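# Per-entry structural report
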Amino acid sequence: SVTIRNQNLFAITTFDIRDRYIFDALVRQDQSSLFGADQRRQLYNRVSGAYRVSEDFSLPGVDEFKLRASYGTAGLRPGFDAQYEIFSLVGGSPTPVTLGNRELRPAFSKETEVGFNLTFLQNFTFEYSYSDKITTDQILLAPVSAATGYRNTWTNAGTLTGNTHEVALGAVLLSKGDMFWRVNVTADRTRQKITELNVAPFLAGPDGNTQLFRVAPNEPFGVIYGYSWIRTADELAASLKSGKL
């Protein structure tokens, strides 16, 4: 059985001024047995604000126009087994695989988001958001020196930066009696890059037998490296026929 203990404390407050200016703030402390022995507590916060422009300015065809911005921090907890040594049985004998890390910290993210919400022509909505995110103390399963007797260890190895654009368009196509039909279309694009790495570059996943993703400074997160690429349907058919795929 696995036992995980968590304790979270938070304080949150919201201000609405003249039905035009909205402010929100939060402070939260997380405590978890998943954090390393000397890293049991982590403090996070968030502050956000919005301005309802349409309350002060009349825009043709616009029912509601709101500008918003926020900044906050958050964390990603390590997995349960990251603190402990892991062995596998090879020929009936235990073989070291993963070196435990009892000083592992949660990954720490700082994110800034700006955007707007627009309601127009009564039945249509449009939303746009842009976010910029920096995550330090990324938790990675990285190789270790053979002198340790292990293959890898979970460690706070690097910094990841990224940004996201997101748009959403909604439309009420039918609203009559007890019938309501609304359609939403959303799209987003995310780009992430490893800006710092505290260990030597290495290849990772997607599983223990296949390593395709290169983890290195100034590389896009999730970039695939290989020596043979399938570019046409004929190449795919030949690979299937030969049993290479």
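Summary of the structure given here. None of the values given here were measured: they were computed from a predicted structure.

Each value, and the rule that gives it
- Residues numbered from 1 in each chain as written.
- Predicted model: local features only at pLDDT ≥ 70, side-chain atom pairs only at ≥ 80, totals over all residues.
- Heavy atoms only, no water.
- Salt bridge = Lys/Arg side-chain N within 4 Å of Asp/Glu carboxyl O.
- Helix = DSSP H or I, 4+ residues; strand = E, 2+ residues; numbered from the N terminus.
- 1 Å grid on protein atoms, 1.4 Å probe; cavity = no way out; pocket = protein on both sides within 12 Å on 5 of 7 lines; lining within 4 Å.
- Points joined across faces, edges and corners; volume = space filled by probe spheres on them.
- Nonpolar A, V, L, I, M, F, W, Y, C, P; charged D, E, K, R; others polar.

### Some details on the pattern of salt bridges
Inspection of the entire model under this criterion finds 11 salt bridges. The residue glutamate 113 makes a salt bridge to arginine 68 at a minimum N-O spacing of 3.4 Å. Here the residue glutamate 113 occupies a position in strand E7 (residues 107–120), and arginine 68 occupies one in strand E4 (residues 62–76), the gap between them amounting to 45 residues. Overlapping salt bridges bring together Asp19, Arg52, Glu55 and Glu64 as one network.

### Structural notes on the layout of surface pockets
Within this model, the largest pocket holds a volume of roughly 500 Å³. Around the largest pocket sit 22 residues that line it, and Leu141, Phe202, Leu203, Ala204 and Gly205 are the ones nearest its centre. Residue assignment for the lining of the largest pocket shows that the elements contributing at least two residues are strand E8 (124–143), strand E9 (152–176), strand E11 (202–207) and strand E12 (210–215). Ranked by residue count, the leading element in the lining of the largest pocket is E11, at 6 residues. In terms of residue class, the lining of the largest pocket is made up of 14 nonpolar, 5 polar and 3 charged.

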